[in-house]
Amino acid sequence: MNSDICGDSNSSTKKVQILMSTYNGEEYIREQMDSILAQNYPDVDILIRDDGSSDDTFVILKEYEEMHQNIRAYQGENIGVNKSFFELLRSSNTEAAYIGFCDQDDYWLPEKIEKAVEQLERMEGPALYCGAKTLVDENLERLKSQQNPHVTPGFGNAVIESICSGCTTLMNRELADIIIRRLPEDVVHHDWWCYMAASYLGSMYYDEKSYIYYRQHGGNEVGASSSALAMIRAKARDLKKRHGDLKKQLMDFKRFYHTIPEKDKLVDQILKAEKFPGRIAILFNRGWYRQSGFDNWVVRGLFLLNRML
C-alpha cells in the first residue's frame, strides 16, 4: 500500500476501495462523487488519480477530500485512461477486500456496491463482478434504446470481446493481487484485461440488473451506442483506430498467463489467424464467440480479411 496516497486503513475484511481516474471532468464529477458517497454499503474508500486535467476537476476533488476522510485524490501526468487505472491498481489499499473501478461522469444507484459485494461473497477463487448499465443522456434521463443485458461470460468470449464495463466492476482481493503482479504496458481497455484474467484463472459474474446510470455525451472516453446503426459505426471507428491492438493484447496475455493448456491453445489459434492457414482455421473454430450472432459472422469475415489482428 502506498501510504502517501491511500492513507491509513482499518482492519475490516469487508472494505471496498473504489478507483477513479479523472480527466477534465468538472461538469459531472460532483454528481458522480455524491452518488458514491450515498452508497448503502458502509465501508467504502475512494482513491482518485487525476490524469493531468487542465480544468477544475482536481480542485473539486481536493474539496471533497477535505470534507471526507475516506477520499484520497492525487494528480499525475497525462498517461491515458488505461495506464492511469493500472497505476491506481498498483496504489490500491492491500487491506481492501474488494476493488472497483469508477468513471467520472456516471451516477450510481445507492445499492450498487452492496449488490456487487453480495454476489462476490458467494464466489470462490479469483472473482470479478460486472453488470448491465442504464443508458442516460446528459441530464440523467433514460434513453429509449438500451443495450441487451443478456450475455454469456467466458474465456472464449473474453479473448475476442469485452462485456465488462469498468464502471460496473468489483473484484475480490485475490483477483486484484494477481492482476497487479501481471500488469502489461498497454491494452485495448483496462477492464477488458481484467475480464480476460478473471475468466482465465477464476470466474466472472455478469449482473443483468443495472445499478448505474451510464451517461452518454460528447466527452465520453468510451461510450455505449444506443442504436444498432450507431453501434456498428462506433465499432468500425474503434476497429480502425485500434487495428493491431488486439494482437498486442493477446500476446501480452500469453506472456503473463500460460498455465491452462486448453485456454492457451485458444489464444495461440487466434494469433495464428494473422496468416494462412490460421485465417481459415479460425473461421470454423467454435472455441471463441461474440455475444451477438451477427457479430460472430462479421468478426469471422474480418479475420478472413486480416482486419482483426
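All figures in this text were calculated on a predicted structure; none of them were measured in a lab.

(A) Focus on a negative patch on the surface. On the surface, a cluster of negative charge is contributed by Glu-26, Glu-27, Asp-56 and Glu-138. For Asp-56, the position within the fold is in the loop between strand 2 (44–50) and helix 3 (57–67). Judged by relative accessible area, which is 45%, Asp-56 ranks as partly exposed.

(B) The arrangement of the side chain of Ser-35 in detail. Looking at where Ser-35 falls in the secondary structure, it is placed in helix 2 (residues 29–37). In terms of polar contacts, Ser-35 uses its side chain to reach the backbone amide nitrogen of Trp-108, at 3.0 Å.

(C) Seen up close, the packing of helix 8 (residues 190–201) against helix 10 (residues 245–256). Closest axis-to-axis distance for the helix 8/helix 10 pair is 12 Å, and the angle between their directions is 40°. In this view, helix 8 runs oblique relative to helix 10, as classed from their interaxial angle. Note that helix 8 runs across helix 10; the crossing there is right-handed. Note on element contacts: helix 10 touches helix 8 through Leu-246, Gln-249, Leu-250, Asp-252, Phe-253 and Phe-256, opposite Trp-192, Trp-193, Met-196, Ala-197 and Tyr-200. Taken together, the residues that form the contact of helix 8 with helix 10 break down as nine nonpolar, one polar and one charged.

(D) Layout of the sheet that holds strand 7 (residues 134–136). Reading across the sheet, the three strands line up as 5-10-7 and stay open at both edges, with mixed pairing between neighbours. The open sheet has two free edges, formed respectively by strand 5 (107–108) and strand 7, since each of these has just one partner strand. Bridge analysis of strand 7 against strand 10 (residues 212–215) gives three bridges, and the strand direction is parallel. Residue Thr-134 lies in a different strand from strand 10, and its bridge partner there is Tyr-213.

(E) A look at the packing of helix 7 (residues 173–181) against helix 8. Relative to each other, helix 7 and helix 8 sit at 115°, their axes nearing to 10 Å. The handedness of the crossing between helix 7 and helix 8 comes out as right-handed. From helix 7, Leu-175, Ile-178 and Ile-179 reach across to helix 8, where they touch Trp-193, Cys-194, Ala-197, Ala-198 and Leu-201. Residues belonging to the contact of helix 7 with helix 8 are distributed by class as follows: eight nonpolar, no polar and no charged.

(F) A look at unusual backbone geometry. Pro-277 follows Phe-276 through a cis peptide bond whose omega is 0°. Looking at the secondary structure, you find Pro-277 in the loop between helix 11 (261–271) and helix 12 (278–283). You will see that Leu-140, though not glycine, has its phi angle at about 65°, which is positive. As for its position among the elements, Leu-140 is in the loop between strand 7 and helix 6 (155–158).

(G) Representation of the sheet that holds strand 3 (residues 71–75) within the structure. If you trace the seven strands from one edge of the open sheet to the other, you get 3-2-1-4-8-6-9, paired in mixed fashion. With partners counted over all chains shown, the strands left at the sheet margins are strand 3 and strand 9 (203–207), one partner each. Averaged over all neighbouring strand pairs, the angle between strand axes comes to 20°, with direction disregarded. In terms of strand pairing, strand 1 (residues 16–22) meets strand 4 (residues 98–102) through five bridges, oriented parallel. Its bridge partner being in strand 4, Leu-19 is matched across the sheet by Phe-101. Helix 3 contacts strand 1, strand 2 and strand 3 of the sheet and is inclined by roughly 150° relative to strand 3. The sheet contacts of helix 4 (residues 81–91) involve strand 1, strand 2, strand 3 and strand 4, and relative to strand 1 the element is tilted by about 150°.

(H) Fine view of the environment of Ser-199. Counting through the fold element by element, Ser-199 comes out in helix 8. For Ser-199, a relative accessible area of 9% translates into the label buried. Between the alpha carbons of Ser-199 and Val-159 there is a distance of 9.5 Å; along the sequence they are 40 residues apart. Ignoring any residue separated from it by four or fewer positions in sequence, one finds Ser-199 in contact with Gly-154, Phe-155, Ala-158 and Lys-263.

(I) Representation of the pattern of salt bridges within the structure. Enumeration over the complete set of coordinates arrives at 14 salt bridges. Of the charged contacts, one joins Glu-63 and Arg-30 as a salt bridge, the two residues approaching to 3.1 Å between their closest N and O atoms. Of the two residues, Glu-63 sits in helix 3 while Arg-30 sits in helix 2, which places them 33 residues apart along the sequence. The exposure class of Glu-63 is partly exposed, given its relative accessible area of 33%. One salt bridge in this structure joins Arg-173 and Asp-177, with 3.1 Å as the shortest N-O distance.

(J) Region of interest: the side chain of Ser-84. Looking at the secondary structure, you find Ser-84 in helix 4. Judged by its relative accessible area of 0%, Ser-84 falls in the buried class. A polar side-chain atom of Ser-84 sits 2.9 Å from a polar atom in the side chain of Arg-49. Residues in contact with Ser-84, not counting those within four places in the same chain, are Ser-21, Arg-49, Asp-51 and Ile-79.

Rules used throughout
Residues numbered from 1 in each chain as written. Predicted model: local features only at pLDDT ≥ 70, side-chain atom pairs only at ≥ 80, totals over all residues. Heavy atoms only, no water. Patch = residues over 30% accessible without salt bridge, like charges linked within 9 Å, V, L, I, M, F, W, Y side chains within 5 Å. Areas by Shrake-Rupley, 256 points an atom, 1.4 Å probe, with all protein chains shown as cover. Salt bridge = Lys/Arg side-chain N within 4 Å of Asp/Glu carboxyl O. Lys, Arg positive; Asp, Glu negative; His and termini not counted. Charge placed at Lys NZ, Arg CZ, Asp CG, Glu CD. Helix = DSSP H or I, 4+ residues; strand = E, 2+ residues; numbered from the N terminus. Buried < 20%, exposed > 50% of the residue type's maximum accessible area, 1.4 Å probe, protein only. Polar contact = N/O pair within 3.5 Å; in protein donor to acceptor, adjacent residues only side chain to side chain. Axes fitted to C-alpha atoms, helices over the stretch in contact; angles between N-to-C directions. Parallel < 35°, antiparallel > 145°, perpendicular 65-115°, else oblique. Left-handed = near helix turned anticlockwise from the far one by under 90°. Contact = heavy atoms within 4.5 Å. Nonpolar A, V, L, I, M, F, W, Y, C, P; charged D, E, K, R; others polar. Pairing = 2+ DSSP bridges.

The quantities given are spatial measurements derived from coordinates; they are silent on function.
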